[in-house]
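# Examination of the molecular architecture
Spelled out, the chains give:
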Amino acid sequence: MFVLAADKGIHNGSPALHARLLAALEPQLGDRIVHVGAGTGYYTAILAELVGPAGHVYAVEIDDALASRARTALADRNNVTVIAADGAQWEKQAADAVYVNFGVARPADAWIEALRPGGRLVMPLGVPGPARRSKEGRHASHGVALRIERHLESFSARWLGPAFFVCATGQLATDADQLDALTAAFTRGGVEFVKSLIWKAVPPVERCWYVGKDWALCYDEN
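Below you will find a few notes about this structure. (Residues numbered from 1 in each chain as written. Predicted model: local features only at pLDDT ≥ 70, side-chain atom pairs only at ≥ 80, totals over all residues. Heavy atoms only, no water.)

Attention now goes to the overall build of the chain. Regarding its fold elements, the chain presents five helices and twelve strands. Put simply, the chain has 222 residues, and 55% of those count as buried. Accessible surface, the chain: about 10400 Å² in total, of which carbon and sulfur atoms supply 54%. (Helix = DSSP H or I, 4+ residues; strand = E, 2+ residues; numbered from the N terminus. Buried < 20%, exposed > 50% of the residue type's maximum accessible area, 1.4 Å probe, protein only. Areas by Shrake-Rupley, 256 points an atom, 1.4 Å probe, with all protein chains shown as cover.)

Structure (structure tokens):
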């Protein structure tokens, strides 16, 4: 584990955890993958190897200094583009997979809506705990990794295990009401039994682990 930005509590994460999450992402040769929260590009480079020369990885990083370091580190890889931008946005082309490396209290619209049929999203869902120092990022006090897959008219969801990341800033920071509701869901338990994502449709509330604004995680298969 290597520190990337000590003042923000950012490091390159646990290699064992990322190995498990990358396996769940199932990158394929030729895939177009968006890596959100790319840092200095360590896991971007791994993804670039996995998709091969016919694939492409778009590495999105909100911190300009980290994005600059990633451009330098990945300059010899023709199948990588580094984008200095908020993680909620990128070029918006369709993607075969999206890999997120920070905790969020909801998936960004772009991550879900850009997925092709069969596309996979792996993301840490989390509730930020208190900042330990005035400039340090907030790590998740509750956190899990989820795998979302797009089907023709529905989304499946699967729990991948505990995952505690630095939580989102910028456009992906979530209001207090949503965080309170998500905290209550974590406290009740049961996220490991989630099987589907309901996206911008009316969910069966009584069959849901969590219901947010325009989305829900439910126990039933779609």
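Don't stop here, the text continues.
Before going further, it helps to examine the state of the cysteines. Throughout the structure, instances matching the rule amount to one disulfide. Note that Cys-208 is cross-linked by a disulfide to Cys-218, the S-S spacing being 2.3 Å. In this structure, the disulfide formed by Cys-208 and Cys-218 twists by about 45° around the S-S bond and is classed as right-handed. With Cys-208 in strand E11 (residues 208–211) and Cys-218 in strand E12 (residues 215–218), this pair connects stretches of sequence that are ten residues apart. Taking relative accessible area as the criterion, Cys-218 reaches 1% and is therefore assigned buried. (Disulfide = S-S within 2.5 Å.)

The subject of this paragraph is the packing of helix H1 (residues 15–25) against helix H2 (residues 42–51). H2 packs onto H1 with a crossing angle of 35° between their chain directions and a minimal axis gap of 12 Å. For the pair H1 and H2, the sense of crossing is right-handed. Seen from H1, the contacting residues are Pro-15, His-18, Leu-22 and Leu-25; seen from H2, they are Tyr-43, Ile-46 and Leu-47. (Axes fitted to C-alpha atoms, helices over the stretch in contact; angles between N-to-C directions. Left-handed = near helix turned anticlockwise from the far one by under 90°. Contact = heavy atoms within 4.5 Å.)

Core analysis: the largest hydrophobic core is formed by 42 residues, its most contacted members being Trp-90, Val-98, Trp-111, Leu-121, Leu-125, Trp-209 and Leu-217. Considering each element in turn, this core owes the most residues, five residues, to strand E7 (residues 115–128). Grouped together as the second largest cluster of nonpolar side chains are 26 residues, Leu-47, Val-80, Ala-97 and Ala-145 included. (Core = buried A, V, L, I, M, F, W, Y, C linked by side-chain atoms within 4.5 Å.)

With that settled, consider the pattern of salt bridges. Summed over all chains, the structure comprises nine salt bridges. Close ionic contact of Asp-220 with Arg-207 constitutes a salt bridge, the shortest N to O distance being 2.9 Å. A residue pair is termed long-range when its members are at least 10 positions apart, and Asp-220 in the segment after E12 and Arg-207 in the loop between strand E10 (196–199) and E11 qualify at 13 residues. Judged by its relative accessible area of 30%, Asp-220 is partly exposed. Through salt bridges with shared partners, one network takes in Arg-106, Asp-109, Glu-113 and Lys-200. (Salt bridge = Lys/Arg side-chain N within 4 Å of Asp/Glu carboxyl O.)

Let us look at unusual backbone geometry. Most peptide bonds are trans, and most residues other than glycine sit at a negative phi. Although it is not a glycine, Glu-26 adopts a positive phi angle of roughly 55°. For Glu-26, the location among the structural elements is in the loop between H1 and strand E3 (32–36). Positioned with a positive phi, Asp-214 is a non-glycine residue whose angle comes to about 75°. Within the element layout of this structure, Asp-214 appears in the loop between E11 and E12.

Below, the discussion takes up the pairing of strand E4 (residues 56–61). Within E4, six of the six residues are buried, leaving the element largely enclosed by the surrounding structure. With burial as the criterion, each face of E4 is covered, one bearing His-56, Tyr-58 and Val-60 and the other bearing Val-57, Ala-59 and Glu-61. In the sheet, E3 pairs with E4 via five bridges, with the strands oriented parallel. The partner of Val-34 across the bridge, within E4, is Tyr-58. Sheet topology places E4 next to strand E5 (residues 80–84); five bridges connect them, and they run parallel. Within E5, the position partnered with Ala-59 by the bridge is Val-82. (Pairing = 2+ DSSP bridges.)

Within H1, burial applies to Leu-17, His-18, Leu-21, Leu-22, Ala-24 and Leu-25. The buried residues of H1 occupy an angular sector of 155° when projected down its axis, which confines them to one face. Every exposed residue of H1 that faces more than 90 degrees away from the buried side is listed here: Ala-16 and Ala-23. Among the residues trailing H1, Glu-26 stands out with phi positive, at a value near 55°. (Arc of directions from axis to C-beta.)

Taking burial as the measure, the five residues of E3 include four buried ones, the bulk of the element. Once the chain exits E3 it traverses H2 before rejoining the sheet at E4, and the crossover so formed is right-handed. Looking at chain direction, E3 and strand E6 (residues 95–100) are connected through four bridges and run parallel. From the neighbouring strand, His-35 faces E6, where its bridge partner is Tyr-99. (Right-handed = clockwise from strand over helix to strand, strands pointing away.)

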